[in-house]
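Coordinates in review
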Amino acid sequence: MTFRAFISILYILMFILKCMANQISGSQTSLREANMAMLFDAITKYGAMTQVELAEATGLSTATVSILVRRLVDDGLFTTTDTIRSGRRATLVSIARKMGIGVGLHIGRNHLSICITDFSQKILAYHDRPLPYGHKPDSTLIEALRLIHETVESIAASIDEIVAVMISLATPIDWKHQQIGVRGILRDWDDTDIIAYFKKSFQCPIFLDNDANTAAIAESKQGVGIDFPNFLYVQAGDGIGASLFINGALYRGSMGLAGEIGHIQVDPFGDICACGNRGCLDTVVNEQRLTSVLSFTHGSITLDDLIRKAQDGDPGCRRVISDAAVRVGTVIAQTCISMDPQCIIIGGDLSKSGDAFLEPLRQSIQRLLFPNAVAPIKIMSSTMPDTNVTLGAALAAIELASNQPPVSAQ
Amino acid sequence: MTVSAHTPLLELNHICLSFDYIETLSDINLTMNEHEVVALVGDNGAGKSTLLKTIVGVYTPDTGSICLRGENVSIPNIKAASDYGIAAIFQDLSFCNNLDIAANIFLGQEKTSPFTIRNDSYMHVKAREILSRLTSPLSAFRSMEGLSTGEKQTVAIARAMLNNPDIILMDEPTASLSVIQTAQVLSYIKELRNQGKSILLVCHNLPDVFAVADRIAIMRHGKIVAIHHTQETTYEQIIAEIAGARQVNNEFINTESISVSHKLIDRYN
């Protein structure tokens, strides 16, 4: 071969290599982007993670994760902090605050709560504001607006950083049309356009959801439901609500009313319920009914007092709560036969009375489920009964805004 | 109405107090129980702050008795009240701006080691403990200067909680507070109540009163005109009683306007 031929072959080879290199670098860029998206997904889904955990969750090598994280930190999308894992120093990766914050609001019967989280599911602020019973929408909405503005300011953020606001109410919500689903339960609020009110102040999307649903979301992301893709969450307090998590996602039903077990009939000749039906579970397990049977021995007390006295051992209060547990357990058992969850999570005010409620509940559920089932169903109480509704609302806001695998299985 | 015999924590019986010719407190009868928040509402000059000051020992009643846990006591000064487990938080938060938060919490009650040397480390540790129980992010080392009203209010509450009182008197605790601070103070009042404390709260904000109080006592011109359970009354009834109207057939009628309209009717007849 002459020297010239050799050089030209070399040039041709280099040209071919260059083309191949271009192709490789082209797909390298999109591969890098795909990997970054995987990291982003993992942190949004599971919260802040160490680089080693990210490698495990995404299947990437730790070296790749490290390089990508460094790049994302430089671009201002991720932040890292030092932490300890198994006694060793590790780098905790979370999404930078400037990605946005989610606001969760819980309008309860005698309080207003706000929770703000970021994309790594970290709680940036949480406040609880007592309100009078029967508080009216006009004053409560103003108070809620002030609370949101002040809380955002208190964490040195701005209103523009809010990606979504989720408002949680103790009434069935028509998820599809984003309005109250059954009239008469929160009577004062039936004709209030909550979303329109907040849309005047915020540019981001505003959502409404039922309180049991947002509580279940909190349980599935950060609570005892974290390891269970199929669970039934029951909120037992002034009235009963429930939420179904199926295959890792919240099942809302066709209108968003799935889980309203408080309106399953338990007494055909019972009281008329606020929903219009008769003898609903809510008519026998509500604050007024539970406290009124104690009026002769205890005078006028609130549900919170009843629960506290039961915790302290008051026999009358324990009896009332135990009887309520039996009623609720019957309906839960029926729901479990239909749904076949892995476990049941109990939250709400009544769950705070501990074994006074949980023991009779457990017994009444087990009694009505298959006696010969291979494994008895797990019944657990929530570790955050006071905060799960509001926290879940904030987490749901973040999830809805980031277009992640949808919160609803719909 | 309770079947069990239950001694009230504090009983005020026929308390009267006059300054010169004004009857500031006139035949005051009030009981306070554990696990209870009693709100004291009324017009300006009704005697609410005076009643609070009488319970905490600033004033001594001319006649009448104060019964603490079933025993008659006399409360000559604030220190005696503190020994009895009564603490008060007034609106004029009197602090020393040149000292830090810990020093202000222990103002007048400084902990000394033998030889009367101030035990600063003990005071700082205790101050931090109380502030964390109030879930306050304030550091005990911070100077009082530059604190917001809400933060000063928190320090005032910490100061009152120092000797773990059973009875806490609060004069307008949520006045001039921000929304978050109001939320924190009201939540804290509910928390104290659930822990078993007895709280007497002077407040002008009726929604806040209805949010935390178990009973509402209305004062007018030195007298307690009515005491209602919160769940058994309405805004209208409370406002009417503050203004001195009486209830006739579900209507609140101001007796003054009745006599005026009678005069008008007579004139036209």
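In the block above lies the structure referred to throughout.
Small disclaimer: the values here were computed from a predicted structure and weren't measured. The residue count restarts for each chain, going from 1 along the sequence in the order it is written. Chains and ligands are labelled by the order in which they are written, letters from A for the one and numbers from 1 for the other. Side-chain atom pairs in this predicted model are given and counted only at pLDDT of 80 or more, local residue features only at pLDDT of at least 70, and totals for whole chains, interfaces and linings cover all residues. Think of the side-chain values as coming from all heavy atoms in the structure, minus any hydrogens and water.

1. Some points on the side chain of E219 of chain A
Residues and elements named next belong to chain A. Within the element layout of this structure, E219 appears in helix α6 (residues 211-222). Burial here depends on accessible area, computed with a 1.4 Å probe over protein chains only, as a share of the maximum for the residue type. Under 20% is buried, over 50% is exposed, and the range in between is partly exposed. The convention is simple: Lys and Arg are positive, Asp and Glu are negative, and His and the chain ends are not counted. We define a salt bridge as a side-chain nitrogen of Lys or Arg found within 4 Å of a carboxyl oxygen belonging to Asp or Glu. For E219, which is buried and forms no salt bridge, the nearest opposite charge comes from K352, at a distance of 12 Å. The contact rule is simple, with two residues in contact once any of their heavy atoms fall within 4.5 Å. Apart from the residues within four sequence positions on either side, E219 is in contact with V224, G225, I226, Y233, I345, S382, M384 and N388. We count a stretch as a helix when DSSP gives it H or I for four or more residues in a row; a strand needs E for two or more, and each element gets its number in order from the N terminus.

2. Observations regarding the sheet that holds strand β11 (residues 215-220) of chain B
All names here are of chain B. Strands are labelled as partners when DSSP assigns at least two bridges between them. The 6 strands are arranged β6-β9-β10-β3-β11-β12 in an open sheet whose pairing can be described as mixed. Each end of this open sheet is capped by a strand with a single partner; those strands are β6 (86-89) and β12 (223-229). Strand after strand, the sheet turns through a mean of 20° between neighbouring axes, direction not considered. Alignment of strand β3 (residues 36-42) against β11, held across 5 bridges, turns out to be parallel. Within the sheet, the bridge partner assigned to A39 lies in β11 and is I216. A fitted line through C-alpha atoms serves as each axis, taken over the contacting stretch for helices, and the angle formed by two N-to-C directions is quoted from 0 to 180°. Sheet contacts for helix α5 (residues 149-161): β6 and β9 (167-171); angle to β6, the most-contacted strand, approximately 170°. Relative to the sheet, helix α8 (residues 235-243) contacts β3, β11 and β12, its axis offset from that of β11 by approximately 25°.

3. Description of the pattern of salt bridges
All names here are of chain A. Summed over all chains, the structure comprises 22 salt bridges over all chains. Notably, a salt bridge pairs R129 with E143, separated by 3.1 Å at the nearest N-O pair. Of this pair, R129 sits in strand β6 (residues 123-130) while E143 is found in helix α4 (residues 137-154), placing the two residues 14 residues apart along the sequence. In this pair, the class of R129 matches that of E143, namely buried. Measuring nitrogen to oxygen at the nearest pair gives 2.4 Å for the salt bridge that ties E399 to K221. Of this pair, E399 sits in helix α13 (residues 388-401) while K221 sits in helix α6, and the two are 178 residues apart along the sequence. Pair check on accessibility: E399 and K221 agree, each one buried.

4. Points about unusual backbone geometry
With phi around 50°, Q178 of chain A is a residue other than glycine that occupies positive phi space. Among the structural elements, Q178 of chain A can be located in the loop between β8 (173-174) and β9 (179-180). Residue D20 of chain B is not a glycine yet carries a positive backbone phi of 55°. One can find D20 of chain B in the loop between β1 (10-19) and β2 (22-32).

5. Thoughts on the nonpolar core
Residues and elements named next belong to chain B. Formed by 48 residues in total, the largest nonpolar core has its most connected members in V41, I101, I105, V155, I189, V209 and I238. The leading source of residues in this core is α5, at 6 residues. The residues touching V209, leaving out its near neighbours within four places in the chain, are A39, V41, C203 and I216. What we call a nonpolar core is a set of buried Ala, Val, Leu, Ile, Met, Phe, Trp, Tyr and Cys residues that are connected through their side-chain atoms within 4.5 Å.

6. Topic: the interface of chain A and chain B
Between chain A and chain B, the residue contacts involve 22 residues of the former and 24 residues of the latter. Summed over the shared surface of chain A and chain B, the number is 2 salt bridges. When the shortest N-O distance is used, the salt bridge between R193 of chain B and D305 of chain A registers 2.9 Å. Side-chain atoms alone can form a polar contact between residues adjacent in sequence; in general such a contact is a pair of N or O atoms within 3.5 Å, and within protein one must be able to donate a hydrogen while the other accepts it. Along the contact surface separating chain A from chain B lie 7 residue pairs in polar contact (both at pLDDT 80 or more).

The quantities given are spatial measurements derived from coordinates; they are silent on function.
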